[in-house]
Structures are given as C-alpha cells and as structure tokens.
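Coordinates in review
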Amino acid sequence: MKAESFKIAEGVYWVGALHWNTRSFHGFAIPGTTYNCYLVFGDEKVALIDNVYSDGMINQLNARIKDAFKKEGREEKIDVFIQCHTELDHSIGLRETIARYPDAEVYASPKGAEFLEKQYHNYSDVEITTVKTGDSIDLGGKTLNIVSAPMLHWPDSMFVMYAEEGILFSNDAFGQHLCLSKRYAEDYDEHFILEASKKFYANLVVLGAPMLRMKLQELTDAGIVEQIKMIAPCHGQIWKDPSKIVAAYSNWATGVCEDKITIVYDSMHHSTEKLAFQIAEGIMSEGVEAVMYHTETDYESEIVNDILDSKAIAVGAPTMMNKPFPRIGNLMYWLDCLNFKGTGSEKNTLIFSSKGWGGGAIAKLQRDLESAGFTIFDTMDALFVPDEEIYEEAFQKGVELAKSIKGE
Ligand code: FEO
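Cut-off values and rules
Residues numbered from 1 in each chain as written. Predicted model: local features only at pLDDT ≥ 70, side-chain atom pairs only at ≥ 80, totals over all residues. Helix = DSSP H or I, 4+ residues; strand = E, 2+ residues; numbered from the N terminus. Rg over C-alpha atoms; globule rule 2.2 N^0.38 Å. Buried ≥ 20, exposed ≤ 12 C-beta atoms within 10 Å, placed from the backbone. Pairing = 2+ DSSP bridges. Axes fitted to C-alpha atoms, helices over the stretch in contact; angles between N-to-C directions. Right-handed = clockwise from strand over helix to strand, strands pointing away. Parallel < 35°, antiparallel > 145°, perpendicular 65-115°, else oblique. Left-handed = near helix turned anticlockwise from the far one by under 90°. Contact = placed C-beta atoms within 7 Å. Nonpolar A, V, L, I, M, F, W, Y, C, P; charged D, E, K, R; others polar. Domains from an automatic or database assignment. Core = buried A, V, L, I, M, F, W, Y, C linked by C-beta atoms within 7 Å. Arc of directions from axis to C-beta.

Observations concerning the overall build of the protein
Along the protein, the regular secondary structure elements total 12 helices and 23 strands. Its C-alpha atoms give the protein a radius of gyration of 24 Å, within 12% of the compact-globule value 22 Å for 408 residues. Dimensions of the protein along its principal axes, counting C-alpha atoms only, are 80 × 40 × 35 Å. Counting every position in the protein, which comprises 408 residues, the buried fraction comes to 49%.

Considerations on the sheet that holds strand β1 (residues 6-9)
Pairing in this open sheet of 7 strands is mixed, and the strands run β1-β2-β7-β8-β9-β10-β11 from one edge to the other. Whereas interior strands pair on both sides, the edge strands pair on one side only; in this sheet they are β1 and β11 (128-130). When strand polarity is set aside, the average angle formed by the axes of neighbouring strands in this sheet is 25°. Pairing geometry for strand β9 (residues 80-83) and strand β10 (residues 105-108), over 4 bridges, is parallel. Bridging from a neighbouring strand, Phe-81 pairs with Val-106 of β10.

Digging into the pairing of strand β18 (residues 289-294)
As paired strands, strand β17 (residues 258-265) and β18 are joined by 6 bridges and run parallel to one another. Paired with Ile-261 across the bridge in β18 is Ala-290. As a crossover connection, the stretch from β17 through helix α8 (residues 271-285) into β18 is right-handed.

Let's talk about the pairing of strand β23 (residues 375-383)
Across 8 bridges, strand β22 (residues 348-355) lies against β23 in parallel orientation. Paired with Ile-351 across the strands is Thr-379, a residue of β23. Read as a crossover between parallel neighbours, the route from β22 over helix α11 (residues 361-371) to β23 is right-handed.

Things to note about the packing of helix α5 (residues 190-205) against helix α7 (residues 242-253)
Packing of α5 against α7 leaves a shortest axis separation of 11 Å and a crossing angle of 40°. One way to sum up the angle between α5 and α7 is to call them oblique. Here the hand of the crossing between α5 and α7 comes out right-handed. Here α5 contributes Glu-190, Leu-194, Ser-197, Lys-198 and Tyr-201 to the contact with α7, which in turn contributes Lys-244, Ile-245, Ala-248, Tyr-249 and Trp-252. Of the residues in the contact of α5 with α7, the class split is 6 nonpolar, 1 polar and 3 charged.

Quick notes on the domain arrangement of the protein
Under the domain assignment, the protein is made up of domain 1 (6-253) and domain 2 (262-402). Computed over C-alpha atoms, the centres of domain 1 and domain 2 are 38 Å apart. With 12 residues of domain 1 in contact, the opposing surface of domain 2 contributes 11 residues. Broken down by secondary-structure element, the contributors of at least two residues to the side of domain 1 that touches domain 2 are β5 (28-29), α5, α6 (209-221) and α7.

Let's talk about the nonpolar core
The biggest cluster of nonpolar side chains holds 120 residues, and the ones touching the most others in it are Tyr-38, Val-40 and Ile-261. Counting residues per element, this core draws most heavily on α5, at 7 residues.

Side note on the sheet that holds strand β19 (residues 310-316)
With parallel pairing, the 5 strands of this open sheet are ordered in space as β18-β17-β19-β22-β23. Edge strands, defined here as strands with exactly one partner in the open sheet, are β18 and β23. If you compare each strand with its neighbour and ignore which way they point, the axes differ by 15° on average.

As for α11
Ala-361, Ile-362, Leu-365, Asp-368 and Leu-369 are the residues of α11 that are buried. Summarising the axial view, the buried residues of α11 lie within an arc of 135°, below the 170-degree limit, and thus occupy one face. For α11, the exposed residues lying more than 90 degrees away from the buried face are Arg-367, Glu-370 and Ser-371. Packed against the buried residues of α11 are β19, β20 (319-320), β21 (323-324), α10 (329-338), β22 and β23. Positive backbone phi, at 100°, marks Gly-373, one or two positions downstream of α11.

Here you go:
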C-alpha cells in the first residue's frame, strides 16, 4: 500500500489513518473519522505517539511511517511507543507495531498499561513503562513531557507536550470525527470545524467537564497553555491556532450557552408535533433561536450537540400505554449519561405531551429529565388533537420559556 506522511513541524509527521466510510462510532453518527498518530524524530530516538483501529488502518499507518522515514533520510526504526489512551480506535494496531519494532520502549499511564492487558490479553510479555505528569521522555534534542489527563475521557488518558516545538498531542480531547483530505483545522471553514468539535465534545467529553476545567487551570498555572503553538488530537484536524479551540472548550466546560432553545419531540399522530411547532412559534416571537429535532429521524448525537449550548430545552412525547412514546427513551438515557449539569449550566425545560385520556408521559419525562440534571420550568399535557385554544396555550408556553432565558 502507498500512503504519504504529512510533516507538521521540523521532525514531526502525521502518520495516521483515514477511515473515509465509517458512519458510526459507538452509536455516534459520524461522517467518517481519522485515527491520528504522530512520529517525532529526535537526534537519537524516534517516537510514535498513539496507534490505529483495525487491519486496513494498520496498513495505512505502516505505509505512512515508511514514507516519513524516507523523507527524513533515516533508517526505519522506531525506538519509543507512547500510548496516550487505549480505547480500541487508538490501540488495536499497537501489538502489531511493537512486533515490527521489538526493541522499542513502550510508555503508557498506569491505567493504560492495565487496560491494554485487559482488552487484548496478550501484553504480558511487553514491558510497559508507566508515566505521569512530571515525567519526560528524551529523544535527543527533543523532549516529550507527559501530562496525565484522567477522564478526558477515560481513566487512562494522557497528553504529551513536545516542549521544543510547543505541540500538545492531546489524544481524543480537542478532536473531531471528520475525515477530510487536508490535515489542518485552518484549511477549512472555521464554523464547520468548530461545530464538528462541539459535537465531539458534547458526545464524548462533556461528562469530564469538571476535570477539564481543572486541567485547563492546571495547564494555565504551569504556563503550558501559553507555550502551546499547535494542538494535534487523535481524531480529525490539527489546530495550527490553538486559541480558538481552547476558548471553545473553556466555554463548553463552564456552561456558556447561546440564546437558543432546542425542541425535541416524537409523535404518533402529529398532535405532539403540532404542539412542538406552536412552541417554536412562541419562542421565535421573542427573537430567540429555536432548533427542532424529531427522534424518529434525527440522531441523538446531533440533538445533544444543540442541547449542549442551548439555554433551555423543550421535550415532547405523546402518552402511549400510560408512559411516553418509547422512541424518546434513547435520548433520555443518553442525556442521563452525559450529565450536562456538570458543565454548570441550568437548562430550563418545558415538557409537553398529547394524550387520549389518562396521560402519564409527563410524569415519566419529568422524572427522567430531572434525573439527568434539567430544571423543569413548565409542563403542558394536551388532550387529543390540538384546537385553537391548545395552539394558543402552546404558543404562550414557548413565549414564557423564551422569556425565562432572557431573564424576563
Ligand atoms: Fe478516540 Fe476514546 O477513543
């Protein structure tokens, strides 16, 4: 196989894999992704940071490694493997890569070393040196400093700071699930890349918001943030200007939201849908942005991307057999996992429903949304198909929800 490496700094190459056609990552709808790995050439040693997923991806990695050594005019020999995180998308190829360069040293966090064995059951013969914040790996004229980053987003996660060039290898953090032909974030429209970064954050990193706040503070206090000239994550685009994504992460981790309300609903015979559309009219009449999702057709991973930076939400489902129409349930589980309240944001929530007789959806949705950290602002339980009086009530519920985020 032929595949080229991409030089990102003197003696530093992207050698990752492009997974053009993958559309799902543990339930997260994605338009392809990359598994980024980096080769760092020191005067004495060469290090490979992170690895790739599955067989086809390993072929790409091997071809790009070969190309990078050719460009550097060096004998192909890797001396150091640094595994920042062991989730399978970054580690399936590691055992094979170690076999190709059997004399190399292997570094991981203590949890990383433990997780490699527990996931693959074939690491007992591999000597793994465990590292943590304060440890450094000297490649000869180039120093890789370890920064432990537990729960960003696994207990094993760590970053590597290449001191001389100011490159932070951040593994999953600051990444995006995108598969594009150019490697820098700045090669593409800024809004497009930041939206993809937000979706990645909302679905994979948000639970670690308290740890992220502490890590950003720790890196700032240690003077590391100002030394970062580039952020090279393990998925998607590399940030030549780290300031935009660091500021965005800081906002998302502290609950900074837009004047926006996300409405998400399901419907059996369009009555709850009619309520959703009227609530949107009420919201819009107050000059507040309304975003609409239907759980029959829209992915949870897209819905939570908008919920992350919405100041309020409205959730609707009809009653079926005394409970909410069950297709809304996936979203309820997902919101409970993500714990948006950990970002510090209080999201006022309107729950709406249509029922034929006894109802029951509202009570269950209220319990689920409260458990997931949302603040119940109001509810609306309408009977059968909306008439003009019900439309007016739904409109006013939207108005009041919009006013609540404007502090009125
Ligand atoms: Fe990209 Fe946590 O793996």
